[in-house]
Amino acid sequence: MAGQNTTKESLMDNATFRALGHRLIDWAADLRAGLGERPVAHDFVPGAVAAMLPAAAPQQGEDLTDLCAELDRMVVPHVVHWQHPAYFGWFPSGGLEAGVLGELISASLSVIGLSWQSAPALTELETVTMAWFRDLCGLPEHYRGVIQDSASVSTQVALTCARERASGMAMQAGGLAGYGRPLVVYYTVHSHSSVEKAALLAGFGRDNLRAVACDGDDAMDPAALAAAIDEDLAAGRVPCAVVATCGTTGVLAFDPIAAIATVARAHGAWLHVDAAMAGAALLLPEWRARFAGIHQADSLVINAHKWLGVPFDCSIYLVADHRQLEAVMSTSPSYLQSGQDGAVANYRDWGLPLGRRFRALKLWLVLRDQGVAGLQARLRRDLDNARWLGDQVTATPDWQLVRPVRLQTVCLRHDPPGLTGEALDRHTLAWAARVNASGQAWISPSICDGRWMVRLSIGAHATERHHVAAAWDLIQRSALAVMEA
Ligand code: PLP
């Protein structure tokens, strides 16, 4: 029966799939078109969604005709809408329509890239889009890219490769224990928590993690890095890897890559750059100076699924020498070998998972749909909006810009006279909660220098200046309302 699903229990035959699929696309388009009129988030109650679901999976196949209504009831009110124009939370989540369609194509094909042979288009589209992306970032040609699921995993891969390079491939013999000398990883207190996690999972041990001192701009101090390395060398430890960040999560600090690279190189340490959030700005030539020295990194990661607009997950991991990846990650079971091996890329050798999703589709479609010019225009719009908001905060009595606006994120606090210490913290958290409970904007409180502040991360693709202005107005009203309550 051509076009028919022959599994008796399933009600999703090809015609039903087609009809429901059409309705779902309409549902998605309507949701997106009307998102600005909805609350960014509701007051969530733990367990509310679980209570709408049966305790066990259905024994028989169910009719999914009412799926859209179910989604409206069960899902839409129970998520923070990251694509909402008044979403200023943790960091932007890429959600451009072209990328959403890329996901649809990927799931429709449902091919798995075990090897080049299993889906040549999957591999080759990834190779080509990675080269495009490298060039867009102004990186030299010897860099090769691969799509990982997350920056966390990319950093884990980087530190694992660093460990093996420093230990002369200890994993081929007795592992780190057999190597005998402690290997040390350097980063800062502003690095993302994933750096510490990756180092611990890669077996370095907490005793061998060094949070290097920062300067007044929250950036890693290269002299402090050199001093920490000297101290470790004197104690017989091996400087293995430095993780520098361009755009730290909390305050968007930029570590000075060129100076750090000089120190790292002098000691043979692997330099990994976490540009998960800020790396998108490499597409802007006028921003490249902020990343000076990045072409000396052994590896770097940029999350295209953040500000750039590609739907999660799409972490672009770029390496200066991909042979180091292959040396550590290669596997070649007989059933995956083919006559083309050696002439083609097998991306299972460039990371942990064997199976690979067709993620390049969504990146490819976003790049084509937006064009470089379109992406650049949106990034510049957001940078401009952030600068504007920073100026408003600075010019408003009793409001403090906690850090200079370093990218598209604004760190602010209401600092009325007489409120200090924990009372100030309670005030900050109260007005931030009030803003979020209003459903008219979504913001993220976060701790900086031991005190709560609020971050507004601008970068949802629907966010225009008037949305930022409305959020700023709401923030001020909320802070005053909390004072008066
Ligand atoms: N690095 C930085 C600087 C980040 O801001 C984030 C997420 O916010 C991460 C790493 C972790 O990203 P992922 O969720 O892709 O692991």
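Residues numbered from 1 in each chain as written. Predicted model: local features only at pLDDT ≥ 70, side-chain atom pairs only at ≥ 80, totals over all residues. Heavy atoms only, no water.

So, the nonpolar core
Logical step 1: Residues Leu-225, Val-242, Leu-271, Val-273, Leu-300 and Leu-407 are the most contacted members of the largest nonpolar core, which totals 65 residues.
Logical step 2: When residues of this core are assigned to their parent elements, the largest contribution, nine residues, is made by helix 11 (residues 360-395).
Logical step 3: Each of domain 1 (112-357) and domain 2 (367-484) gives at least three residues to this core.
Logical step 4: The contact partners of Leu-300, leaving out residues within four places of it in the chain, are Leu-139, Tyr-143, His-272, Val-273, Ile-294, Ile-316, Tyr-317 and Leu-318.
Logical step 5: Leu-183, Leu-209, Ala-241 and Val-319 belong to the second largest nonpolar core, which has 31 residues in total. (Core = buried A, V, L, I, M, F, W, Y, C linked by side-chain atoms within 4.5 Å. Buried < 20%, exposed > 50% of the residue type's maximum accessible area, 1.4 Å probe, protein only. Helix = DSSP H or I, 4+ residues; strand = E, 2+ residues; numbered from the N terminus. Domains from an automatic or database assignment. Contact = heavy atoms within 4.5 Å.)

Points about the domain arrangement of the protein chain
Logical step 1: Each assigned domain of the protein chain is listed here: domain 1 (112-357) and domain 2 (367-484).
Logical step 2: Regarding the contact of domain 1 and domain 2, the summed buried area is about 1900 Å², with carbon and sulfur atoms giving 66% of it.
Logical step 3: Of all residues in domain 1, Val-251, Leu-252 and Trp-307 give up the largest surface area on contact with domain 2, accounting jointly for 32% of the area buried on that side.
Logical step 4: Counting across the domain 1 and domain 2 interface gives three salt bridges.
Logical step 5: In this assembly, domain 1 and domain 2 are joined by 11 residue pairs in polar contact (both at pLDDT 80 or more).
Logical step 6: Considered class by class, the residues forming the side of domain 1 that touches domain 2 number 16 nonpolar, three polar and four charged. (Buried area = accessible area lost by both parts, 1.4 Å probe. Salt bridge = Lys/Arg side-chain N within 4 Å of Asp/Glu carboxyl O. Polar contact = N/O pair within 3.5 Å; in protein donor to acceptor, adjacent residues only side chain to side chain. Nonpolar A, V, L, I, M, F, W, Y, C, P; charged D, E, K, R; others polar.)

Concerning helix 11
Logical step 1: The end-to-end C-alpha separation of helix 11 is 44 Å, well short of the 52 Å expected for 36 residues at 1.5 Å each.
Logical step 2: Gly-371 marks where helix 11 bends most, by close to 85°. (Expected span 1.5 Å × (residues − 1). Bend = angle between axes of the 7 residues up to and from the residue.)

Things to note about the state of the cysteines
Logical step 1: As enumerated under the stated definition, the model contains zero disulfides in all.
Logical step 2: Of the cysteine sulfurs around Cys-246, a residue in no disulfide, the closest is that of Cys-137, at 11 Å.
Logical step 3: Among the cysteines around Cys-411, which has no disulfide bond, Cys-448 carries the closest sulfur, lying 6.5 Å off.
Logical step 4: Of the residues examined, Cys-411 reaches a relative accessible area of 3% and is grouped as buried. (Disulfide = S-S within 2.5 Å.)

Side note on the pairing of strand 10 (residues 444-448)
Along any regular strand, the residues point their side chains to alternate faces of the sheet.
Logical step 1: Burial of strand 10 is one-sided: the residues Ser-444, Ser-446 and Cys-448 facing one way are buried, the residues Pro-445 and Ile-447 facing the other way are not.
Logical step 2: Pairing of strand 10 with strand 11 (residues 451-457) involves five bridges; the strand directions are antiparallel. Within strand 11, the residue paired with Cys-448 across the bridge is Arg-451.
Logical step 3: Connecting the antiparallel pair strand 10 and strand 11 is a turn made up of two residues, with Asp-449 showing a positive phi of about 55°. (Pairing = 2+ DSSP bridges.)

Notes on the pairing of strand 6 (residues 299-303)
Logical step 1: The element strand 6 is extensively covered by neighbouring structure, given that five of its five residues are classed as buried.
Logical step 2: The alternating pattern of strand 6 places Ser-299, Val-301 and Asn-303 on one face and Leu-300 and Ile-302 on the opposite face, and all of these are buried.
Logical step 3: Bridge count between strand 6 and strand 7 (residues 315-319): five bridges; the pairing is antiparallel. Along strand 7, the bridge assignment pairs Asn-303 with Ser-315.

Remarks on the packing of aromatic side chains
Logical step 1: Counted according to the given criterion, the structure contains nine aromatic pairs.
Logical step 2: Geometrically, the ring pair formed by Trp-82 and Phe-91 is edge-to-face, given 5.6 Å between the ring centres and 65° between the ring planes.
Logical step 3: Plain terms: the ring middles of Trp-90 and Trp-442 are 5.9 Å apart, the flat faces sit at 50° to each other, and that makes the pair tilted. With Trp-90 in the loop between helix 2 (67-75) and helix 3 (97-109) and Trp-442 in the loop between helix 12 (421-438) and strand 10, the pair connects residues that are 352 residues apart, well separated along the chain.
Logical step 4: Of the residues examined, Trp-90 reaches a relative accessible area of 38% and is grouped as partly exposed. (Phe/Tyr/Trp six-rings, centres within 6.5 Å; stacked < 30°, edge-to-face > 60°.)

Quick word on the pattern of salt bridges
Logical step 1: Counted under the stated rule, the structure contains 25 salt bridges.
Logical step 2: Among the ionic pairs, Asp-298 bridges to Arg-165, the shortest N-O distance being 3.1 Å. Of this pair, Asp-298 sits in the loop between strand 5 (270-274) and strand 6 while Arg-165 sits in helix 5 (residues 151-166), placing them 133 residues apart in sequence.
Logical step 3: One salt bridge connects Asp-313 with Arg-357, and the closest N-O pair in it is separated by 2.8 Å. Here the residue Asp-313 occupies a position in the loop between strand 6 and strand 7, and Arg-357 occupies one in the loop between helix 10 (322-329) and helix 11, the gap between them amounting to 44 residues.
Logical step 4: For Asp-313, a relative accessible area of 10% corresponds to the buried category.
Logical step 5: Residue class for Arg-357 comes out partly exposed when judged on its relative accessible area of 33%.
Logical step 6: Through salt bridges with shared partners, a single ionic network connects Glu-103, Asp-313, Arg-357, Arg-359 and Lys-362.

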